Amino acid sequence: MTETGDFWDTNLLLGYTVDWDRLGPPVDAYLQLRGSHRETIASTRVFEEARRVVEKQRRRARTAADRVFEQFDAGRHDTVDDVKDFVCAEFADDWGKVGPVLDYIDHHDSAFLGLTETDSERVLQSTFEEITDDFAEPDDSVQRLRRGGGALALEQFTGGLDSYRSEYAARYDKLDGLLDDTDRDLLLDSHHAVAVTERSGLGFATFDRGDIADNDEAIEACLDGVSVVDCWQFS
Amino acid sequence: MQAPDSDLLTHLADHVLRALPGDPELTYIDAQKILYLTQKRLDSENRVAAALPFYWYLHGPMSKAVSYTLRDAKHSGVVDGRTTATGGQVYTPGSADPPAVDRDEDVVAAERAVEAVVAEYDVFGELDERLREEIYVDAPYEFQQYYKFELLPAVEAFAREPYYLTHTPEEIQFRLARAEGKAPTDEAFAEWRRRLSRFVTLAETYLETVDESEKPVVETFERLAEDVWELFAKQLRIEEHDAAYADDVDDWKLEYDNSQQSLDDSLRRFEATLEEQFDLYDAPDGRDEQSVRTPEESGWGTVADSLLEGPHRD
């Protein structure tokens, strides 16, 4: 199969919105060795999912700030670790949910510590404004990429279906047993993009090893025209 | 829900009207709330309490049994009713006698409970005040109190005022952010949470662009804030209802799905309107690829690092 381009997964799109040392190299390595030499596309569903991820993390940061402000039982020598322990418990120690929030608190430790020491809504409002600014930036980046802004030409594939249950019933059922709903539909978007356009094939470019790259053989056997590209291989 | 014990509840509704002070006039919402508070005071084995199943909805606990009873009592002349200018119902005592019921121990206890509730329930004050003080203390989620009593009235005032008299865009943004932070975290509300956050994203964009002299499409913004609340209430009643409503849940889920679709369409239209009116997402002149990439110190860098593998998990 000849891949004429790469279909970007959500994690690659979100990784691209950040320009710093830990995320920059893996994304840039992919771009230098592969992505910049070929057409890159993402479906409407990828852009929507990226936006949802940003919104979800913003919501959790706000939940943490609101609960620290309202419910944290302040002592005289509280540290940021005390605040993080409290937030961890508030999120029922669900690491998948609370991990990014704890990282975020590290980044704004003085603001979160400040919330433990005050009843002033002005202070909370100030912290919320910082959160708003932090999360508006990636949302703006995703929206500009979607509309052709920036140096990277990331085409939006708008022909995806709301549901692939009937259009690709057998493939849908196979992937349904292998992946969660979002990954299933993103992969079917890439397959559908091949099916309805002149492309002979697409690489599904992803940083998701656990769910997608490690299942590449099963996915490729199910979706003709799609090959899984593990973007970590370029680092 | 099965047909209510009509005679029993009509007797009780008549008792509520006669227990009210002065010239009794009772709104539909107050009738619901007084009978909710009455039910709360009764033993669970009391047959009157068993005849009053409730579910949480837009304005707090509601009961179809109360709704059907008032409709039937109006039809039979036990209560008089008129429709207000805003479409609500107001009830007064009717000319017909209520049906005779066996005034056993349970019914007498319910009558005493009605009298105690009415003595404490301030029907002459502000509706939101009594809902907040008497009813929403029982609300399953803190979010309900905040959105209904802190956010929605502020959005309404903001939309109606020609200038920023009581609420600035920054203050509305703060309330929106706080409402988002208080959103229920239960899995049952996952789909609704997505809509809330999308509304908040668009609303923040909108509020960044309005100025004091011009607030275009503010009615749409206000309507969306109400629609988000209504969709929440439709999920809430699926989650928070007495057992008597088990057979209603499938219909409620269909209603929720339809409303969710409608809200999605409205949010898309709102975003398209914002793009048309405010030139959103245009990069400043002279900025290159870096313009879509944010630095580590933005805070997003820290969060995104945790998300690079598998950002889809809820």
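Rules used throughout
- Residues numbered from 1 in each chain as written.
- Chains lettered and ligands numbered in written order.
- Predicted model: local features only at pLDDT ≥ 70, side-chain atom pairs only at ≥ 80, totals over all residues.
- Helix = DSSP H or I, 4+ residues; strand = E, 2+ residues; numbered from the N terminus.
- Buried ≥ 20, exposed ≤ 12 C-beta atoms within 10 Å, placed from the backbone.
- Contact = placed C-beta atoms within 7 Å.
- Nonpolar A, V, L, I, M, F, W, Y, C, P; charged D, E, K, R; others polar.
- Domains from an automatic or database assignment.

## A closer look at the overall build of chain B
Looking only at helices and strands, chain B has 12 helices and five strands in total. If one aligns the C-alpha atoms of chain B with their principal axes, the spans along those axes are about 85 × 45 × 30 Å. Sorting the 314 residues of chain B into buried and exposed places 36% on the buried side. Looking at chain B alone, contacts between residues at least 24 apart form 70% of all its contacts between residues at least 6 apart.

## Thoughts on the overall build of chain A
Looking only at helices and strands, chain A has 10 helices and five strands in total. Oriented by its inertia axes, the alpha-carbon framework of chain A measures out at about 65 × 40 × 30 Å. Among the 235 residues that make up chain A, the fraction classed as buried is 46%.

## A few points about unusual backbone geometry
The backbone of Val217(B) shows a phi angle near 50°, a positive value even though the residue is not glycine. Counting through the fold element by element, Val217(B) comes out in the loop between α9 (190-209) and α10 (218-239).

## Regarding the interface of chain A and chain B
Many descriptions give the size of an interface as the accessible area lost when the pieces come together. Taken together, the contact pairs 55 residues of chain A with 40 residues of chain B. Of all the elements in the fold, those that place two or more residues in the side of chain A that touches chain B are α1 (10-16), α3 (44-71), α5 (95-107), α7 (121-146) and α9 (181-196) of chain A. It is α7(A) that contributes the most residues to the side of chain A that touches chain B, 13 residues altogether. In the side of chain A that touches chain B, the residues fall into 16 nonpolar, 18 polar and 21 charged.

## Thoughts on the domain arrangement of chain A
In terms of domains, chain A is made up of domain 1 (5-50 + 144-234) and domain 2 (54-138). Between domain 1 of chain A and domain 2 of chain A, the C-alpha centre-to-centre distance is 33 Å.

## Points about the environment of Glu150(B)
Relative to the assigned elements, Glu150(B) resides in helix α7 (residues 142-160). Residue class for Glu150(B) comes out partly exposed when judged on the 13 C-beta atoms lying within 10 Å of it.

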